[in-house]
Amino acid sequence: MKVAQKPPRKPSLWRTVKAVAWSFVGLRARGDYEEDVKNLSPLHIIAVGLVGIFVFVAVLVLLVNWAVAR
């Protein structure tokens, strides 16, 4: 008896952002990770990761400038 498989989902920006955010935190269920590997584009993951790093560094710089100014 064959088990029906779900059709692969189209890669979306929101799914990619969620996957990258969870990887920044370091918490991700193995099943979700394997599903992301099958359904997300590596190019999208790299682009969202680079934007995430830039935003993280910018927030840190602004936070330090704010703390030093006080």
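Residues numbered from 1 in each chain as written. Predicted model: local features only at pLDDT ≥ 70, side-chain atom pairs only at ≥ 80, totals over all residues. Heavy atoms only, no water.

1. Some thoughts on the confidence of the model for the protein
Our working definition: For every residue, the predictor assigns a confidence score, pLDDT, that lies between 0 and 100. Only runs of H or I of at least four residues qualify as helices and only runs of E of at least two qualify as strands under DSSP, and these elements are numbered from the N terminus.
When pLDDT is averaged along the protein, the result is 86, and 86% of the positions lie at 70 or above. In the model of the protein, helix H2 (residues 30–39) stands out as the element of lowest mean pLDDT, 83, in contrast to helix H3 (residues 42–69), which has the highest, 95.

2. Notes on H3
Owing to its 3.6 residues per turn, the α-helix aligns residues three or four sequence positions apart on the same side. We apply this condition: Here, expected helix span is obtained from the residue count minus one, scaled by 1.5 Å. Only protein chains enter the accessibility calculation, which uses a 1.4 Å probe; a residue is then buried when its area is under 20% of its type maximum, exposed when over 50%, and partly exposed in between. Two residues qualify as a contact provided that any one of their heavy atoms is within 4.5 Å of a heavy atom in the partner residue.
Taking 1.5 Å as the rise per residue, H3 with 28 residues should run 40 Å; its terminal C-alpha atoms sit 40 Å apart, in good agreement. For H3, the complete set of buried residues consists of Val48, Gly49 and Gly52. Turning to H3, the residues buried within the fold contact helix H1 (13–25).

3. A few points about the environment of Leu40
Looking at the element boundaries, Leu40 is found in the loop between H2 and H3. Look at Leu40 and you get buried, because its relative accessible area is 6%. On a C-alpha basis, the gap between Leu40 and Arg15 in space is 7.9 Å, while along the polypeptide they are 25 residues apart.

4. Description of the pattern of salt bridges
To keep things clear, this is the line we draw: Counted as salt bridges are all cases of a side-chain nitrogen of Lys or Arg within 4 Å of a carboxyl oxygen of Asp or Glu.
Overall, the coordinates contain three salt bridges when judged by the stated rule. Among the salt bridges present, the one from Glu35 reaches Arg15, with a minimum N-O distance of 3.5 Å. On the criterion of sequence distance, the pair formed by Glu35 in helix H2 and Arg15 in helix H1 is long-range, its members being 20 residues apart. On the accessibility criterion, Glu35 (28% relative accessible area) is partly exposed. Overall, the relative accessible area of 16% leaves Arg15 in the buried class. For the salt bridge of Arg30 with Glu34, the shortest nitrogen-to-oxygen distance reads 3.3 Å.

5. With respect to the packing of H1 against H3
Put simply, the rule is: Comment: axis = line fitted to C-alpha atoms, over the contacting stretch for helices; angle = value between 0 and 180 degrees taken between N-to-C directions. The labels follow the angle: roughly parallel below 35 degrees, roughly antiparallel above 145, roughly perpendicular from 65 to 115, and oblique for the rest. Here a crossing is taken to be left-handed if its near helix is turned anticlockwise relative to the far helix by less than a right angle, and right-handed if that turn runs clockwise. Put simply, Ala, Val, Leu, Ile, Met, Phe, Trp, Tyr, Cys and Pro go in the nonpolar bin, Asp, Glu, Lys and Arg in the charged bin, and everything else, Gly too, in the polar bin.
Interhelical geometry of H1 versus H3 gives an angle of 60° and a closest axis separation of 9 Å. Classified by the angle between their axes, H1 and H3 sit oblique to one another. Considering how the two elements wind past one another, H1 and H3 form a crossing that is right-handed. The segment H1 lies against H3, with Leu13, Thr16, Val17, Val20 and Phe24 engaging His44, Ile45, Val48, Gly49, Gly52 and Ile53. Split into classes, the residues belonging to the contact of H1 with H3 amount to seven nonpolar, four polar and no charged.

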